[in-house]
Amino acid sequence: FPLPHWSRTRTTSGEPGGEREREREGERRRWTRRQAAMIPQSSLPSHIASGPHVSPFTNSNAGLQADHRSEDIHVPANAASVPFAVAPSTEHAEVNLGEPRKHTTSPYVTGNSVLAIKYKEGVLMACDMLGAYGSTKRYKSVQRVFKVNETTIVGASGEISDFQYISNLLEELTTQDFCYDDGCTLSPKEIHAYLCRVLYNRRNKMDPLWNSLVVAGVDTAGESFIGSVGMLGTSYTDSHVATSFGNYLSRPLFREFQRDDMSLEEAIALMQEALRVLFYRDKTSINKFILAKVSGGEGVAISKPFALDTKWDLKAFVNPSKHAVGSW
Amino acid sequence: AMATSAMVGQGEVLTGTTIMACTFDGGVVLGADSRTSSGNYVANKVADKITKVCDKVYLCRSGSAAHTQAVAGYANLYLNQHAIELGEKGVSVKSAATIVKEIAYTNKEWMNAGMIVAGWDKAQGGQVFAVPMGGTLMEVPFAVGGSGSIYINAFVDKNWRAGMTRDECKAFVRKAVSLAISRDGSSGGVIRTVTVDAAGQNKEMVPGDQVARYQDEHLPTLGSNAPIFT
């Protein structure tokens, strides 16, 4: 099984960094001396640690990039060769190459809570389908759960464009697995570990991926897994997990009622209660949800969108200020 | 909608605007107003915010005029190269939208651009893709954007339906943009529409004096025969 890419600090020639270091040095020499002096020394060959977010399929120095099938699929040959990146003007000193850049300082199109619980045969994840734009409920068919492979699903809250980028990274990992064709696929635990490193390293560059992710699945040995990673790199695993408002509204319900040996029906009922309270009490939410489950025998299943009943016919709701006119 | 005024300084040229694109049975109709403002000054009252990026695919631009013009330029460059490689097959709308998204997402820190990519290709027919600020890519049956879009969200939600004819769709787009112009100071001028379908692409304009006017705006124009003072 290939080593994770971040463990490679030496090339086959044994020099730290090796070819990649030399290329980067070459790039740096073209910058001014002032700027070069501010560049932090980084020998981690990971695009995550040393450059702006880059598509792994950058191929501008194809001759130097040896075997495309190596595990360095996520390492670009030339960190400066970011496709589509417009190099910022350095004359105005707004951006100093080598200093931490402030990137996503505020999210635009966002998703709200993702919930996940373990049940007897596997794991169940749920979220709504809204992409909010500030307070505006702008896009109402956003799919916030991504199927990585037959054992794992990833749900995201936060900035949708960053989630689309993460989905791309995960798809490339899965493609890599497929090409190896060795009977091994990434387990949920490994995908969680990978995403922890991605998010933590981006946070260290002051360029976070503005997401709270939930990784859930059942590995080939039948073991259920639910893990959470935040935009600061904070991560943990548990039997039940929620992001955003779900932390405050849904997790108390999970603490009370979730058991690792619940049946699927019980789990769905509990999840519906949790989703309902989110719809009542989270202002940027809509009554349009999906459920996704991963179970030991049957792999991944993602439901069609559905709505929940809500109760508005309590007598006290009709005229709340009846006994205290003028109040609310 | 929340983007423009809070985040950019006075003086930067903006297409504070109303843009929309809408699928119908057989193609898409794109629509936009024509006002480019620089602070309170109308820098261009007859701007063209619907830009062609490749054959049968157009881009509606809102946000900073400079940023979106640059994006359109780059997209045009890459798509022309792509079209040469594809030959007869033609560039898909999804490819065009993905290129626009890549530029918007990669440069998200310094871009102020909300865009809509819409067009027609042989494989999938008429499609509309929204690329709002931040660089998310969403395929949608219709999309509205720009500062004026907030005033017509409810209108388009209520009145869009699947399977409209070309003329119904064009009338729908024109009505929506005129309603937005009626309330949004950053939108105005003429209403431009581009209709793209299997047969071709058709660019039209409703002149400013013929744009529909609504509540409290109906006035006879000076120069009509009726005397002003009675």
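As shown above, the structure is provided for reference.
The rules behind the values
- Sequence order as written defines residue numbering, which begins from 1 separately in each chain.
- Naming scheme: in the order in which they are written, chains are lettered from A and ligands are numbered from 1.
- Local features in this predicted model are restricted to residues whose pLDDT is 70 or higher, and side-chain atom pairs enter the listing and the counts only when it is 80 or higher, whereas totals over whole chains, interfaces and linings include all residues.
- The basis for the side-chain values is all heavy atoms of the structure; hydrogens and waters are excluded.
- Each helix is a run of DSSP H or I of at least 4 residues and each strand a run of E of at least 2, with the numbering of both proceeding from the N terminus.
- To sort residues, take the accessible area from a 1.4 Å probe on protein chains only and compare it with the maximum for the residue type: under 20% means buried, over 50% means exposed, and anything in between is partly exposed.
- Note on definitions: a residue-residue contact is assigned when non-hydrogen atoms from the two residues lie within 4.5 Å.
- Disulfide: a pair of cysteine sulfur atoms within 2.5 Å of each other.
- In the analysis that follows, any N or O atom pair within 3.5 Å is treated as a polar contact, provided that within protein one partner can donate a hydrogen and the other can accept it, and provided that, for residues neighboring in sequence, both atoms belong to side chains.
- For patch building, the residue pool is restricted to those with more than 30% relative accessible area and no salt bridge; the joining distance is 9 Å between like charges and 5 Å between nonpolar side chains (Val, Leu, Ile, Met, Phe, Trp, Tyr).
- All accessible areas in this document rest on Shrake-Rupley with a 1.4 Å probe, and a residue is counted as covered only by the protein chains that are shown.
- The term salt bridge refers to a side-chain nitrogen of Lys or Arg lying within 4 Å of a carboxyl oxygen of Asp or Glu.
- Helix span, as expected, comes to 1.5 Å for every residue beyond the first.
- We call two strands paired when DSSP finds no fewer than two bridges between them.
- Angles run from 0 to 180 degrees between N-to-C directions of axes, and those axes are lines fitted to C-alpha atoms, restricted for helices to the stretch in contact.

Engineer: Quick rundown of the overall build of chain A? Include the residues and the values.
Structural biologist: A tally of helices and strands in chain A yields nine helices and 13 strands. Going through the 328 residues of chain A one by one, you find that 48% of them count as buried. Looking at chain A alone, contacts between residues at least 24 apart form 64% of all its contacts between residues at least 6 apart.

Engineer: Tell me what's going on with the state of the cysteines, and back it up with residues and numbers.
Structural biologist: Here the structure, examined in full by the defined rule, presents zero disulfides over all chains. Take Cys60(B): it sits in no disulfide, and the sulfur closest to it among the cysteines is that of Cys22(B), at 11 Å.

Engineer: Which residues make up the side chain of Ser161(A), and what values go with them?
Structural biologist: Here Ser161(A) shows up in helix H4 (residues 160-180). At 3.0 Å, the side chain of Ser161(A) forms a polar contact with the side chain of Lys108(B).

Engineer: Explain a nonpolar patch on the surface to me, and be specific about the residues and the numbers.
Structural biologist: Together, Tyr280(A), Trp312(A), Leu314(A) and Phe317(A) give the surface a local cluster of nonpolar side chains, amounting to about 430 Å² of exposed area. Within the secondary structure layout, Tyr280(A) lies in helix H8 (residues 264-281).

Engineer: Please set out helix H3 (residues 93-106) of chain B residue by residue, giving values where relevant.
Structural biologist: Side chains three or four residues apart in an α-helix point the same way, a direct result of the helix having 3.6 residues per turn. Across its 14 residues, H3(B) extends 20 Å between first and last C-alpha, which sits within 8% of the 20 Å expected from 1.5 Å per residue. The element H3(B) is extensively covered by neighbouring structure, given that 10 of its 14 residues are classed as buried. For H3(B), the full list of buried residues reads Val93(B), Ala96(B), Ala97(B), Ile99(B), Val100(B), Lys101(B), Ile103(B), Ala104(B), Tyr105(B) and Thr106(B). Each element contacted by the buried residues of H3(B) is listed here: H4 of chain A together with strand E7 (57-64), helix H2 (65-86), strand E8 (113-121) and strand E9 (125-131) of chain B.

Engineer: Describe the pattern of salt bridges, and please don't skip the residues or the numbers.
Structural biologist: What the rule picks out here adds up to 16 salt bridges over all chains. In this structure, Arg259(A) engages Asp261(A) in a salt bridge whose closest nitrogen and oxygen atoms are separated by 3.1 Å. Relative accessible area serves as the criterion here: at 38%, Arg259(A) is assigned to the partly exposed category. Residue classification places Asp261(A) among the partly exposed residues on the basis of a relative accessible area of 48%. The partner of Asp55(B) in a salt bridge is Lys52(B), with the nearest N and O atoms 3.7 Å apart. Since its relative accessible area comes to 52%, Asp55(B) is described here as exposed. Judged by relative accessible area, Lys52(B) falls into the partly exposed class, the value being 39%.

Engineer: Lay out H4(A) with the relevant residues and their values.
Structural biologist: In a regular helix each residue adds 1.5 Å, so 21 residues correspond to 30 Å; H4(A) covers 30 Å between its end C-alpha atoms and thus fits that length. Looking one or two residues past H4(A), Asp181(A) carries a phi angle of roughly 50 degrees, positive in sign.

Engineer: Can you lay out the sheet that holds strand E12 (residues 289-295) of chain A for me, pointing to particular residues and giving the numbers?
Structural biologist: Residue and element names in this part refer to chain A. Within the open sheet, the five strands sit side by side as E11-E2-E3-E12-E13. Their pairing is antiparallel. Every other strand in the sheet has two partners, leaving strand E11 (240-242) and strand E13 (299-302) as the edge strands with one partner each. Strand-to-strand twist across the sheet, computed as the mean angle between neighbouring axes with direction ignored, equals 10 degrees. In the sheet, strand E2 (residues 114-118) pairs with strand E3 (residues 122-128) via five bridges, with the strands oriented antiparallel. Residue pairing for E3: Leu115 is matched across the bridge by Ala126.

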